[in-house]
Amino acid sequence: MTVYFEGISTALFNNTSQVEYTHKLPSGRKISDISIQMRTLVRNGLILFAQNGPNTLKIRIRGSKLQVLFQIGNGEVEIAEADYDVSDKELHTVTLSENAANMTLAIKGPKRNISKDFTFAQSATINLTALITNEASNRQLRLGHYSGSSEDWFYKGCLGEVRIGGVLLPFYVKSDFTNYNTSVYLEYFEAVDVSVQKHRCSTDGSCGHNQCKHSATCQEGYYDYDCNCPAGFSGKWCEQNINDCTAPSLCGQGGKCLDGVDSFTCGCRGGYSGIR
């Protein structure tokens, strides 16, 4: 019986978020599928990047559509795209599977399911097993941002379970666990670099625990919330009183400007009076 190392969680990816992995898979292990649970509003973003030697595989969003990109060495980049808008804040399960004849990109969502069969011209040269398991000095496996991929945008959104060959890609490093013992796990992926917010896939732009100050109105968003400041205040949480005395010569005859909230008063010199 195969024993998997499981550390199931969800993660929020934002700006330069990423998780980098190494695999601990037995020799001869075959990889025939990749599955990703995702939810986002962004129209563009790199979700998964795999490289082995000069060969690369990407799963990304471009123009709200899910794409799979495949490149062998310096050869042509081959692209398969599913006609399905995934940038709708709904949970989708994306599966890329490989068989002897072709590859299949399937997307399951709350409104419809689609499946697209396709072939890459170079798939006979390199496949999922070779990309993930073959040993190479510059092998990489990442979720989220990859600095070497300048033509791709950052992925911003949630990822749930991500599995390669049925084995989970955790959002935790080994030190996050108590009594971690790799000897009891026959195969697993190990996270070695994690910069995501874990357990944050509940569209937590919630105002329930907001930090808005001075009676500001909280506006919920997908990734975060915004504070709509009342007149006279600014800042992320409306914590800053705007200085109304910055304009020159607000108070005449050498009077001193005294800042208020969306207002000012003038302290007049002896012998003078009036509002300004």
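This one's a predicted model, so the numbers in the text were calculated from it and none came from an experiment.

Caption draft 1: Molecular detail of the state of the cysteines. Counting across every chain of the model gives four disulfides. Each sulfur in the disulfide pair Cys229 and Cys238 lies 2.0 Å from the other. Disulfide Cys229-Cys238: torsion about the S-S bond near -90°, hence left-handed. Since its relative accessible area comes to 31%, Cys229 is described here as partly exposed. In this model Cys245 forms its disulfide with Cys257; the gap between the sulfur atoms is 2.0 Å. Disulfide Cys245-Cys257: the torsion about the S-S bond is -75°, which places it as left-handed. Of this pair, Cys245 sits in the loop between β19 (240-241) and β20 (256-259) while Cys257 sits in strand β20, and the two are 12 residues apart along the sequence. The class for Cys257 is partly exposed, based on a relative accessible area of 22%.

Caption draft 2: Summary view of the packing of aromatic side chains. Throughout the structure, instances matching the rule amount to four aromatic pairs. With a centroid separation of 5.0 Å and 10° between ring planes, the pair formed by Phe70 and Phe120 is classed as stacked. Placement of Phe70 in strand β6 (residues 65-71) and of Phe120 in the loop between β10 (113-118) and α1 (128-133) is noted, with a sequence separation of 50 residues between them. Per residue, the accessibility class of Phe70 equals that of Phe120, and both read buried. Grouped by ring-pair contacts, the aromatic residues Phe13, Tyr155 and Phe171 constitute a single cluster.

What counts and how
- Residues numbered from 1 in each chain as written.
- Predicted model: local features only at pLDDT ≥ 70, side-chain atom pairs only at ≥ 80, totals over all residues.
- Heavy atoms only, no water.
- Disulfide = S-S within 2.5 Å.
- Buried < 20%, exposed > 50% of the residue type's maximum accessible area, 1.4 Å probe, protein only.
- Helix = DSSP H or I, 4+ residues; strand = E, 2+ residues; numbered from the N terminus.
- Phe/Tyr/Trp six-rings, centres within 6.5 Å; stacked < 30°, edge-to-face > 60°.

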